[in-house]
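As a plain string of letters, each chain reads:
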There are 2 protein chains.
Amino acid sequence: MKVSKGTDYALHAMAYLVSQNGKRDKLPVQELAGKLDVSSTYLSKILARLVKQKYIVATSGAKGGYSLPADWEDISVYDIIVAIDGELTLFEDSFNHGDECKIQRLMMEVEADMIEGFKKKSVEELI
Amino acid sequence: MKVSKGTDYALHAMAYLVSQNGKRDKLPVQELAGKLDVSSTYLSKILARLVKQKYIVATSGAKGGYSLPADWEDISVYDIIVAIDGELTLFEDSFNHGDECKIQRLMMEVEADMIEGFKKKSVEELI
DNA sequence: TTATTATAGACTCATAATATCCATAATTAG
DNA sequence: CTAATTATGGATATTATGAGTCTATAATAA
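Read on for an overview of the structure. All of these numbers come straight from a predicted model, not from anything done at the bench.

1. Regarding the protein's contact with DNA strand C
Part 1: Taken together, 24 residues form the shell around DNA strand C, and within it Val 29, Lys 45 and Tyr 66 of chain A together with Lys 5 and Ser 39 of chain B come nearest.
Part 2: Among the atoms of DNA strand C lying within 4 Å of the protein, the sugar-phosphate backbone contributes 70%.
Part 3: Tyr 66 of chain A places a side-chain nitrogen or oxygen 2.7 Å from a phosphate oxygen of DNA strand C.
Part 4: With respect to DNA strand C, the backbone of Gly 6 of chain B contributes an N or O atom lying 3.4 Å from a phosphate oxygen.

Put into structure tokens, the structure is as follows:
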């Protein structure tokens, strides 16, 4: 029952991008990877998923790197988690007994609260 | 980010035991496994952990089986989850930057809410 | 053109969840 | 006492997934 390490990296990378916003233009993966103490090739892979969802912007070539998009303040922690780990579900009932299952329902309640908790946190608040 | 299938089995087994409480004395694993459509040897293994925590009582021998302990109404969904999956944590920060890490703190908040959600649900409410 | 930077795919490795099988211990019925 | 029934524990197999590496390719600035 854990958020993946990949999401951990992604959140910290986002936090670093946010912290450097306005000061620096683009941050190359090398630098981010150095900060996070992870290989740059692996971090690239993770960040590529954020790029695909437009939560960060990638610029190839010399002096390129990653930067925040215009609407970055709307991005939530939930968005990042889903981009990396996929849709967030606590439970998949092994038994196909319909909606009347109380266990299933309880899990979905707790899950909904958790999702709310992550949605109401903007990445802006991570620094 | 999921509760294990083992916990799913355990919760459903508990729910069935609760539902039969008062009506039937002891339920052999064969019967429970039949209900849950899982092999009885595997379910045994899972239920053994509940026995160890005294969330259910096992009786060997003919006419034996599993039953609820005297204080079964105090058992929460949280108890069952922890008995099977171990202590429930959403996040283990890969980076050892102390308590001041906002990401870590956010995760722990959401985690605490989730734990609360599971703790306040008694197994009695599962049926 | 060359150096720099991101992207994409194939691949490996370790670990954990899921599960089976069998031998053993406990208990009851007859 | 014996036989049948039931749970427990250990060894093992299988599979899925997360974590990470490596390399080739594409894009861009100087």
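Back to the text.
2. Some points on the nonpolar core
Part 1: Counting 92 residues, the largest nonpolar core has Leu 50 and Phe 118 of chain A together with Leu 50 and Phe 118 of chain B as the members making the most contacts within it.
Part 2: The residues touching Phe 118 of chain B, leaving out its near neighbours within four places in the chain, are Leu 90, Met 107 and Val 110 of chain A together with Ser 76, Val 77, Tyr 78, Ile 81 and Leu 88 of chain B.

3. Some thoughts on the pattern of salt bridges
Residue and element names in this part refer to chain A.
Part 1: Inspection of the entire model under this criterion finds six salt bridges over all chains.
Part 2: Residue Lys 121 is joined to Glu 125 by a salt bridge in which the shortest nitrogen-to-oxygen separation is 3.4 Å.
Part 3: Looking at Glu 125, the relative accessible area reads 35%, which means it is partly exposed.

4. What to know about the interface of chain B and chain A
Part 1: In this assembly, 35 residues from chain B lie in contact with 35 residues from chain A.
Part 2: The tally of links from chain B across to chain A stands at two salt bridges.
Part 3: A salt bridge links Lys 2 of chain B to Glu 92 of chain A, with the nearest nitrogen and oxygen atoms 3.6 Å apart.
Part 4: Across the contact surface, chain B and chain A share eight residue pairs in polar contact (both at pLDDT 80 or more).
Part 5: Elements with a minimum of two residues in the side of chain B that touches chain A: helix H1 (5-20), helix H4 (77-85) and helix H5 (102-119) of chain B.
Part 6: Top element by residues in the side of chain B that touches chain A is H5 of chain B. It accounts for nine residues.
Part 7: Residue classes in the side of chain B that touches chain A are distributed as 21 nonpolar, five polar and nine charged.

5. Brief notes about helix H2 (residues 29-36) of chain B
Residues and elements named next belong to chain B.
Part 1: When we look at burial in H2, the residues that qualify are Val 29, Leu 32, Ala 33 and Leu 36. All buried residues of H2 project into a common sector of 100 degrees when viewed along the axis, lining one side. Turned more than 90 degrees away from the buried face of H2 sit Gln 30, Gly 34 and Lys 35, all of them exposed.
Part 2: Just beyond H2, the residue with positive phi is Asp 37, at close to 60 degrees.

What counts as what
Residues numbered from 1 in each chain as written. Chains lettered and ligands numbered in written order. Predicted model: local features only at pLDDT ≥ 70, side-chain atom pairs only at ≥ 80, totals over all residues. Heavy atoms only, no water. Near = heavy atom within 4 Å. Polar contact = N/O pair within 3.5 Å; in protein donor to acceptor, adjacent residues only side chain to side chain. Core = buried A, V, L, I, M, F, W, Y, C linked by side-chain atoms within 4.5 Å. Buried < 20%, exposed > 50% of the residue type's maximum accessible area, 1.4 Å probe, protein only. Contact = heavy atoms within 4.5 Å. Salt bridge = Lys/Arg side-chain N within 4 Å of Asp/Glu carboxyl O. Helix = DSSP H or I, 4+ residues; strand = E, 2+ residues; numbered from the N terminus. Nonpolar A, V, L, I, M, F, W, Y, C, P; charged D, E, K, R; others polar. Arc of directions from axis to C-beta.

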